[in-house]
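Working through the structure, step by step
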Amino acid sequence: MADDLKAGDRVSWKSHGGEAHGKVVRKQTGPTRIKGHKVAASAEDPQFIVETDEGKRAAHKPGALSKGG
């Protein structure tokens, strides 16, 4: 798992088009919205806000992210 990620870390994850690459923006520990989609993050179940190299943002659970990329 990638629970030890922090802002600025390079990460990769599986995407519809294969593998995406980008960086961690922040660890999200409360509910939020990204592009109209609800992100059900909590302190017990955090997610990471990531930004692709193209500037698009998404939220992913720690297990979906790999360091590097």
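Read on for a plain summary of the structure. Per-chain numbering applies: the sequence of each chain, read as written, is numbered from 1 onward. Local features in this predicted model are restricted to residues whose pLDDT is 70 or higher, and side-chain atom pairs enter the listing and the counts only when it is 80 or higher, whereas totals over whole chains, interfaces and linings include all residues. Each side-chain value is derived from all of the structure's non-hydrogen atoms; neither hydrogens nor water enter the calculation.

1. Thoughts on the environment of lysine 61
What counts, and what does not: What counts as a helix is a DSSP run of H or I of at least four residues, what counts as a strand is a run of E of at least two, and both are numbered from the N terminus. Type-normalised accessible area, obtained with a 1.4 Å probe on protein chains alone, sets the label of each residue: buried when under 20%, exposed when over 50%, and partly exposed for intermediate values.
Among the structural elements, lysine 61 can be located in the loop between β6 (57–60) and β7 (66–67). According to the relative accessible area criterion, lysine 61 is partly exposed, its value standing at 43%.

2. Looking at the environment of alanine 40
Note the following rule: Contacts are residue-level and defined by heavy atoms, with any inter-residue pair within 4.5 Å sufficient.
Residue placement: alanine 40 occurs in the loop between β4 (37–39) and β5 (47–52). Between the C-alpha atom of alanine 40 and that of glycine 30, which follows or precedes it by 10 residues, the distance is 7.1 Å. Apart from residues no more than four positions distant in its own chain, alanine 40 is found in contact with Asp45 and Gln47.

3. Section: the sheet that holds β7
How we decide: Note on pairing: two strands pair once DSSP finds at least 2 bridges between them.
Strand order in this open sheet of five strands is β6-β5-β2-β1-β7, and the pairing throughout is antiparallel. Each of the sheet's edge strands pairs with one partner strand only, and the pair in question is β6 and β7. Inspection of the sheet shows β5 paired to β6 by four bridges, in the antiparallel sense. Residue pairing in the sheet places isoleucine 49 in a bridge with alanine 59 of β6.

4. Considering the pattern of salt bridges
Heads up, the condition is: Whenever Lys or Arg places a side-chain nitrogen within 4 Å of a carboxyl oxygen from Asp or Glu, that contact is recorded as a salt bridge.
Inspection of every chain in the model, using the stated rule, returns five salt bridges. Residue aspartate 4 is joined to lysine 67 by a salt bridge in which the shortest nitrogen-to-oxygen separation is 3.7 Å. With aspartate 4 in the segment before β1 (10–15) and lysine 67 in strand β7, this residue pair connects regions lying 63 residues apart in the sequence. For aspartate 45, the salt bridge goes to lysine 61, with nearest N and O atoms at 3.3 Å.

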